[in-house]
Amino acid sequence: MINENSEIILSVRDLRANVDGTEILKGLNLEVRAGEIHAIMGLNGSGKSTFSKVLAGHPDYEVTAGEIHFKGQDLLELEPHDRATSGIFLAFQYPLEIPGVSNRDFLRVAFNAHRKARGEDEIDVFDFDDLIEEKLNVVKMDASFLDRSVNEGFSGGEKKRNEILQMALLEPALAILDETDSGLDIDALKTVAGGVNQLSTSDNAVVLITHYQRMLDYIVPDYVHVMADGRIITTGGKDLAKELESRGYEWVLEADRTGVTA
Amino acid sequence: MSASVQSLVSQPYKYGFTTNIEVDTIPRGLSEDVVRMISAKKNEPEFMLEFRLRAYRKWLTMAEPAWPNVKYPPIDYQNIVYYSAPKTQAKKLGSLDEVDPTMLETFEKLGIPLSEQKRLANVAVDAIFDSVSIATTFKEKLAESGVIFCSISEALQEHPDLVEKYLGTVVPIGDNYFAALNSAVFSDGSFVYIPKDTQCPMDLSTYFRINNGESGQFERTLIVAESGSSVTYLEGCTAPMYDSNQLHAAIVELVAMDNASINYSTVQNWFAGDENGKGGIYNFVTKRGLCAGKNSKISWTQVETGSAITWKYPSCVLVGDNSVGEFYSVALTNNHQQADTGTKMVHVGKNTRSTIISKGISAAKSKNSYRGLVKMGPKAEGARNYSQCDSMLIGDTSSANTFPYIQVQNSTAQVEHEASTSKIGEDQLFYFAQRGISPEDAVSMIISGFCRDVFNKLPMEFAAEADKLLALKLENTVG
């Protein structure tokens, strides 16, 4: 939902970043306000996932130029876990498995880390159990998932739902969903999208990174950005995604090369 | 991997202090005279001196084992002091209150209060400082149930028949090089005797402290559980930080009769050497339990975090039909530590069962090897073993090895072996961080998760301590 007076949550200016000495992001600009849903689309290798990891602070990515402000703070100053507790959430494309650590413990420790960062007391296991049972409904997950090791032996769809469960629990100001739709069958896609829609409010924002239009049938974006070669080369409304689906990317890339706006 | 993951594993050793105390030592070196001198100092019965001399002569004919996957410069056995005792301890003490206050302070500092007021409520402690036992708590209370818990020196005076009957029956004097050495020169250790049909009313524990920089420590522990009895035994160890290496060669023998059970847990935190590999304890230990009776059970649980070199294979010989052997182990190595540890499960009787759960964690430039033997003898009808050996690597300069040996001589026996290797990677830590969890908390959660199956087997007091110990040891490996 676009409201030009709402708070700017994320502001990215001329961002450049390297991985292993190769420049992947080459001057990226983006502004996200509260209440908005943005989709970032683009071909493989255009830098979409890199952008999400840079926002979250992955140590392999080195920012060489530009600025990122998150809710008025200089995000690049913050350690990854401080970025998380200040409200940045990344739903991983490939969620990690953590053998021996129960999902319930993991979620509780994460939740309490967020509370601690806000200066609130940690909550005990009983209060946490009540809270998490409620959140399970958002992604229609069975409580038995809580007692399994984090993501261990989960199917692709279960892993993605587990990511959205974490988002529901941590209530981030900015959720970045990195190809959350990949590997999901249509029912799982609907569940995940339904969860994201439930969690989306006028106070927070969502950035969806995706290859395909189909996710956007369920989570309707306010803006669609096309990324190529480490920059956002064009921005449009939800119809742009449909056009990309039917016409492919070449015409946008061509327009960018010739300097004509799409 | 970044230096950051590394730094999380390195935590200053907080038990590295030295106690200044006058000691009664003998000159360096080992000879028949030294063996006689040790025996004389302890006023031992004749059979003990004979035992020691036989062991010493055997030792002279043996060679240090070369097969372990560890490297260290040759040990000069003539440059070691084989007996060192605090002077104040020379005469026998009437009560704990007569113990030198410096000693009490030392143990208090280590978290092992011995004084009457502060002692641990439900654990009886035998405190061993260098070569001698300083104090044993709750002795009288235990005696009410007929349980004997005292230092082995005292047992040699008070219960020589029991010691003579069992000493060396599980680990013979010539079992291996270090066992022979221990049998010749051992100075003290704990002795436990649980009479028939008695459940030991409290946990027993021995706390070993090496203080003297030149002395070796050679303890000998003997636990006998008569038919239908049971006991839980805990063992802890620390040492000061010296830049030379000290030798620790201990023997533990357990005997379980019909329907008896012994749970033996160790948290080993000897000084491991500094980050450059200087100093640290050479820990060459022989631990073996004999399930002599039917339905008997011996369970070893160990958390090995210290020592520059660990060479240790707590084992079970399952002679009694339906007897059970268990080995649960966490071995953590960091910096330049080297561990070659595991177990031997020797199935002799029918329907004997054994379980091996081994978790190795290696960080920095350390080397961590699991070595285990499962042997099914010709008469071990229906015997079963399950082994699981998991290794976790932190960083990319450490190594983990698994050497399983399986020998089956009975066609009805079953042996299962599972192994895995995993790595705490930056991506895993990033996942935790992205959920707001700091790298220190992440590593400690991953490690406790990895070790859970073993920690669950530790007595409660130890489980929390072990968890904390690993977290401390791993502090600053990540950042």
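See the structure shown above.
Structural notes, computed from the coordinates. (Residues numbered from 1 in each chain as written. Chains lettered and ligands numbered in written order. Predicted model: local features only at pLDDT ≥ 70, side-chain atom pairs only at ≥ 80, totals over all residues. Heavy atoms only, no water.)

Attention now goes to the nonpolar core. Formed by 111 residues in total, the largest nonpolar core has its most connected members in Leu10(A), Leu177(A) and Ile361(B). Counting residues per element, this core draws most heavily on helix H10 (residues 439–455) of chain B, which supplies nine residues. With sequence-adjacent residues up to four places away left out, Leu10(A) is seen in contact with Leu30(A), Glu31(A), Val32(A), Leu55(A), Ile68(A), His69(A), Phe70(A) and Leu174(A). One finds Phe47(B), Ala85(B), Phe191(B) and Leu247(B) within the second-largest nonpolar core, a separate group that totals 55 residues. (Core = buried A, V, L, I, M, F, W, Y, C linked by side-chain atoms within 4.5 Å. Buried < 20%, exposed > 50% of the residue type's maximum accessible area, 1.4 Å probe, protein only. Helix = DSSP H or I, 4+ residues; strand = E, 2+ residues; numbered from the N terminus. Contact = heavy atoms within 4.5 Å.)

The next thing to look at is the packing of helix H5 (residues 156–170) of chain A against helix H6 (residues 186–199) of chain A. Residues and elements named next belong to chain A. Relative to each other, H5 and H6 sit at 10 degrees, their axes nearing to 10 Å. Judged by the angle between their axes, H5 and H6 are roughly parallel. For the pair H5 and H6, contact is made by Arg161, Ile164, Met167 and Ala168 and by Thr191, Val192, Gly195, Val196 and Leu199, respectively. (Axes fitted to C-alpha atoms, helices over the stretch in contact; angles between N-to-C directions. Parallel < 35°, antiparallel > 145°, perpendicular 65-115°, else oblique.)

Time to look at empty space enclosed by the protein. A probe matching the size of a water molecule, rolled over the atoms, marks out where space remains unfilled. Residues and elements named next belong to chain B. With the rule as written, the count across this model stands at four cavities of 30 Å³ or more. Lining the largest cavity are 15 residues, and of these Ser358, Gly360, Asn368, Ser369 and Tyr370 lie nearest its centre. Elements that contribute at least two residues to the lining of the largest cavity include exactly strand E17 (324–333), strand E19 (353–363), strand E20 (367–376), strand E21 (384–394) and strand E22 (399–408). A per-class count over the lining of the largest cavity returns four nonpolar, nine polar and two charged. (1 Å grid on protein atoms, 1.4 Å probe; cavity = no way out; pocket = protein on both sides within 12 Å on 5 of 7 lines; lining within 4 Å. Points joined across faces, edges and corners; volume = space filled by probe spheres on them. Nonpolar A, V, L, I, M, F, W, Y, C, P; charged D, E, K, R; others polar.)

Considering all chains together, one arrives at 23 aromatic pairs over all chains under this definition. Arranged with centres 5.1 Å apart and planes meeting at 80 degrees, the rings of Phe145(A) and Phe154(A) form a pair that is edge-to-face. Taking relative accessible area as the criterion, Phe154(A) reaches 6% and is therefore assigned buried. Note on Tyr82(B) and Phe218(B): the rings are 5.3 Å apart at their centroids and 15 degrees apart in plane angle, and the pair reads as stacked. Of this pair, Tyr82(B) sits in the loop between helix H3 (46–60) and strand E2 (84–86) while Phe218(B) sits in the loop between strand E7 (203–209) and strand E8 (220–225), placing them 136 residues apart in sequence. Residue classification places Phe218(B) among the buried positions, given a relative accessible area of 1%. Here the aromatic residues Tyr56(B), Trp59(B), Trp67(B), Tyr72(B), Tyr77(B), Tyr177(B), Phe178(B), Tyr282(B), Phe284(B), Trp311(B) and Tyr313(B) are joined through ring pairs into a cluster of three or more. The aromatic ring of Trp251(A) is capped on one face by Arg247(A), whose charged end is 4.1 Å from the ring centroid. The ring of Phe403(B) has Arg371(B) sitting right over it, with the charged end atom 4.6 Å from the ring centre. (Phe/Tyr/Trp six-rings, centres within 6.5 Å; stacked < 30°, edge-to-face > 60°. Lys NZ or Arg CZ within 6 Å of the ring centre and 35° of its normal.)

The next point concerns the sheet that holds strand E1 (residues 8–19) of chain A. All names here are of chain A. Judged by pairing direction, the sheet is antiparallel, and its four strands sit side by side in the order E2-E1-E4-E5 without closing on themselves. The open sheet has two free edges, formed respectively by strand E2 (22–33) and strand E5 (73–74), since each of these has just one partner strand. Summarising the sheet, strand E4 (residues 61–70) and E5 pair through two bridges and their orientation is antiparallel. Bridging from a neighbouring strand, His69 pairs with Asp74 of E5. (Pairing = 2+ DSSP bridges.)

In this section: the sheet that holds strand E11 (residues 223–228) of chain A. All names here are of chain A. Across the sheet, six strands lie side by side as E6-E9-E10-E3-E11-E12; this open sheet has mixed pairing. Two strands in the sheet have a free side with no partner beyond their single neighbour: strand E6 (88–91) and strand E12 (231–236). Each strand of the sheet is rotated relative to its neighbour by a mean of 20 degrees, with strand direction disregarded. Of the pairings in the sheet, the one linking strand E3 (residues 37–42) to strand E10 (residues 205–209) comprises four bridges and is parallel in character.

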